[in-house]
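The chain contents come next:
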Amino acid sequence: VSAVSVKPGAPSDWLTLNIGGRLFTTTRSTLVSKEPESMLAHMFRDKCVWGNRQDEHGAYLIDRSPEYFEPILNYLRHGQLIINEGVNIRGVLEEARFFGIEQLGDQLEAALKNTQPPDDHSPIS
Amino acid sequence: VSAVSVKPGAPSDWLTLNIGGRLFTTTRSTLVSKEPESMLAHMFRDKCVWGNRQDEHGAYLIDRSPEYFEPILNYLRHGQLIINEGVNIRGVLEEARFFGIEQLGDQLEAALKNTQPPDDHSPIS
Amino acid sequence: VSAVSVKPGAPSDWLTLNIGGRLFTTTRSTLVSKEPESMLAHMFRDKCVWGNRQDEHGAYLIDRSPEYFEPILNYLRHGQLIINEGVNIRGVLEEARFFGIEQLGDQLEAALKNTQPPDDHSPIS
Amino acid sequence: VSAVSVKPGAPSDWLTLNIGGRLFTTTRSTLVSKEPESMLAHMFRDKCVWGNRQDEHGAYLIDRSPEYFEPILNYLRHGQLIINEGVNIRGVLEEARFFGIEQLGDQLEAALKNTQPPDDHSPIS
Amino acid sequence: VSAVSVKPGAPSDWLTLNIGGRLFTTTRSTLVSKEPESMLAHMFRDKCVWGNRQDEHGAYLIDRSPEYFEPILNYLRHGQLIINEGVNIRGVLEEARFFGIEQLGDQLEAALKNTQPPDDHSPIS
């Protein structure tokens, strides 16, 4: 998939993110509306303010993990936090913090506490 | 894979959906026939009514999760609900509700009840 | 990957399938030889008989699940049925039946009986 | 990713394999050095002897499973056999035998014996 | 996704790696800053010194496993080691050693000890 360049003749809110090399197509309003105070919302609220870099297809470049970003984008789409079995919650938490999505960070930390036994000191996974 | 633009010289029912950046190739009749009253069927029954946006390759843009849409498309193809281990049923349910596929939503809710213990209050997964 | 269009100057048996939007490159003899009476073999035995639709890169369009087709193609390549943990056997069975690969369908049903407890009435997974 | 065609001006050992539709970029020395007597090494030792077919981007066509080939390529890169949880060892064994990588086949058979209980007669997975 | 060639008119630190055929988009400072003494940092600190090969889209060719490289790149982005369930830690360790990221190698070896029972002599997984 190359980045979205919607057919001419109509105004469009669609854009494509290039997160660490993987493309996500979504709308500006998804990124901006659900958590208006997040850094992600600020990055995409005004087209020119943040000076986001674009690749040669027009997708906005963000140097982060695509896999852990996916549940965050779904959360912004419909307000539900849904994570597949086998996906490390700590990875999603790291991205939620980076993008400044506060409420989701709190949910993820609560979820982490539920899944980890109190005396688990393992450094990863 | 770029979007399908079937070779000229024959009428075609084939189309490509761009769901959140991933492409799904299917036929209009798959989207319309199995659940004719769903929102998804309404979106694709008449070519011009809903004004679906298309990307530059002609794929129809839908701002939703591709991963959880996949079992829904398979259900529309052959009528069976089949979900892989590790895929969160709640994610599929969220999409079934969004696309207005009622009967599938009921099946998914029944499946959720079977898999979750009655006193499980975990917020995710 | 775009569809295979082998370099000119040599006869070729190679072809690409576009299964629900994902491309599989294989040879005609793989599709035809192992199970010559299957619908899949009939679809590809004679180049023009079935009127298979092709996308603009020449890949043959089939409106089915790519994920569950994968072990079927491997079976046709080397005769072994090999399925990863976490992949729903019922999904593979659904495709084996669709493509009319009888012997594989029988193997899959036997495998299903081994994995499911006798009193399990869960509708999915 | 299209096949590698390295920038002009320097000799190159890089090549791309199209295994069942997925592209793997590696070097000829990786394919040839670690197991010089394997069929895979013979296929790529001499450029023109085996008449490997190439797709239109120059990637070498091999009609096998990409998923189970991946750990084999990693083994040829660094000599370690590493397989993810959930990936069927029998699938990797099938490919190791096909490509004639004897020592790896022995390792895989030993690993299979360790993971299967002695009275398990299940046909798959 | 083709390799990043950022739009003209501004200096850029963005680059794309082609690791075994999969593309990772990141910045030079991510590769260089976190572990300045690693081989990876040395490879990308000076543009021309190491003579890294590039594919025809300008992505830097590295003949290693893309799957096991992914958590390493995330570690360089934010300093956390996060690995999904099902991904073999030994695979990540192999890459950390190859790229000379010492501190991460130590963390991975500690994690391995925690997950393996002391009398486990299994050769893989």
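Below you will find a few notes about this structure.

1. A short note on the environment of Met43(E)
Here Met43(E) lies in helix 2 (residues 39-45). When the C-alpha positions of Met43(E) and Phe99(E) are compared, they lie 9.4 Å apart, and in sequence the two are 56 residues distant.

2. Here we look at the packing of aromatic side chains
Summed over all chains, the structure comprises 20 aromatic pairs over all chains. Between Phe24(B) and Phe69(B), the aromatic rings sit 5.3 Å apart at their centres with planes inclined by 75°, giving edge-to-face as the arrangement. Here Phe69(B) lies in helix 3 (residues 66-78) and Phe24(B) lies in strand 2 (residues 22-27), a separation of 45 residues in the sequence. Both residues of the pair, Phe24(B) and Phe69(B), count as buried. Judged by centre distance (5.0 Å) and plane angle (85°), the rings of Phe98(E) and Phe99(E) are edge-to-face. An aromatic cluster is present here, built from Phe24(A), Phe69(A), Phe98(A) and Phe99(A) joined pairwise through their rings. Geometry around Phe98(B) places Arg64(B) over its ring, the cationic atom sitting 3.9 Å from the centre.

3. As for the sheet that holds strand 2 (residues 22-27) of chain E
All names here are of chain E. Spatially, three strands are ordered 2-1-3 in an open sheet, and the strand pairing comes out mixed. Sheet topology places strand 2 and strand 3 (60-62) at the edges, where each strand pairs with a single neighbour. Looking at each pair of strands side by side, their axes are set apart by 30° on average, direction ignored. Where strand 1 (residues 14-19) meets strand 2, six bridges bridge the pair, whose relative direction is antiparallel. Following the sheet pairing, Leu17 is matched in strand 2 by Phe24. Running over the sheet, helix 3 (residues 66-78) touches strand 1 and strand 2 and is turned about 10° from strand 2.

4. Here's the deal with the packing of helix 3 of chain B against helix 4 (residues 89-98) of chain B
All names here are of chain B. At a closest axis distance of 8 Å, the pairing of helix 3 and helix 4 adopts a crossing angle of 70°. Our classification of the angle between helix 3 and helix 4 gives roughly perpendicular. At the point where helix 3 passes helix 4, the crossing takes the right-handed sense. Touching Tyr68, Phe69, Pro71 and Ile72 of helix 3 are Gly91, Val92, Glu95 and Ala96, all from helix 4. Counted by class, the contact of helix 3 with helix 4 contains six nonpolar, one polar and one charged residues.

5. Brief notes about the environment of Glu94(E)
Within the fold, Glu94(E) resides in helix 4 (residues 89-98). Taking relative accessible area as the criterion, Glu94(E) reaches 15% and is therefore assigned buried. Put simply, Glu94(E) and Gly105(E) are eleven residues apart on the chain and 8.4 Å apart in space, counted from C-alpha to C-alpha. Those residues in contact with Glu94(E), other than ones at most four positions away along the chain, are His78(D), Gln80(D), Ile82(D) and Arg64(E).

6. What about the pattern of salt bridges?
Within this structure, the stated rule accounts for 20 salt bridges over all chains. In this structure, Glu109(A) engages Arg97(A) in a salt bridge whose closest nitrogen and oxygen atoms are separated by 2.5 Å. Here the residue Glu109(A) occupies a position in helix 5 (residues 102-115), and Arg97(A) occupies one in helix 4 (residues 89-98), the gap between them amounting to twelve residues. Here Glu70(D) and Arg22(D) are joined by a salt bridge, their closest N and O atoms 2.9 Å apart. You can see Glu70(D) sitting in helix 3 (residues 66-78) and its partner Arg22(D) sitting in strand 2 (residues 22-27), a full 48 residues away along the chain. Taking relative accessible area as the criterion, Glu70(D) reaches 18% and is therefore assigned buried. Relative accessible area serves as the criterion here: at 34%, Arg22(D) is assigned to the partly exposed category.

7. Some remarks on the side chain of Asn18(C)
Residues and elements named next belong to chain C. Of note, Asn18 is situated in strand 1 (residues 14-19). Taking relative accessible area as the criterion, Asn18 reaches 0% and is therefore assigned buried. Within polar-contact distance, the side chain of Asn18 engages the backbone nitrogen of Gly21 at 2.8 Å.

8. As for the sheet that holds strand 1 of chain C
Within a sheet, each strand pairs with its neighbour through backbone hydrogen bonds, oriented either parallel or antiparallel. All names here are of chain C. With mixed pairing, three strands are arranged side by side in an open sheet as 2-1-3. The sheet terminates laterally at strand 2 (22-27) and strand 3 (60-62), the two strands that pair on one side only. Averaged over all pairs of adjacent strands, the angle between strand axes in this sheet comes to 30°, irrespective of strand direction. Bridge count between strand 1 and strand 3: three bridges; the pairing is parallel. Along strand 3, the bridge assignment pairs Ile19 with Ile62. Together, strand 1 and strand 2 form the strand contacts of helix 3 (residues 66-78), whose direction differs from that of strand 2 by roughly 10°.

Definitions and cut-offs
- Residues numbered from 1 in each chain as written.
- Chains lettered and ligands numbered in written order.
- Predicted model: local features only at pLDDT ≥ 70, side-chain atom pairs only at ≥ 80, totals over all residues.
- Heavy atoms only, no water.
- Helix = DSSP H or I, 4+ residues; strand = E, 2+ residues; numbered from the N terminus.
- Phe/Tyr/Trp six-rings, centres within 6.5 Å; stacked < 30°, edge-to-face > 60°.
- Buried < 20%, exposed > 50% of the residue type's maximum accessible area, 1.4 Å probe, protein only.
- Lys NZ or Arg CZ within 6 Å of the ring centre and 35° of its normal.
- Pairing = 2+ DSSP bridges.
- Axes fitted to C-alpha atoms, helices over the stretch in contact; angles between N-to-C directions.
- Contact = heavy atoms within 4.5 Å.
- Parallel < 35°, antiparallel > 145°, perpendicular 65-115°, else oblique.
- Left-handed = near helix turned anticlockwise from the far one by under 90°.
- Nonpolar A, V, L, I, M, F, W, Y, C, P; charged D, E, K, R; others polar.
- Salt bridge = Lys/Arg side-chain N within 4 Å of Asp/Glu carboxyl O.
- Polar contact = N/O pair within 3.5 Å; in protein donor to acceptor, adjacent residues only side chain to side chain.

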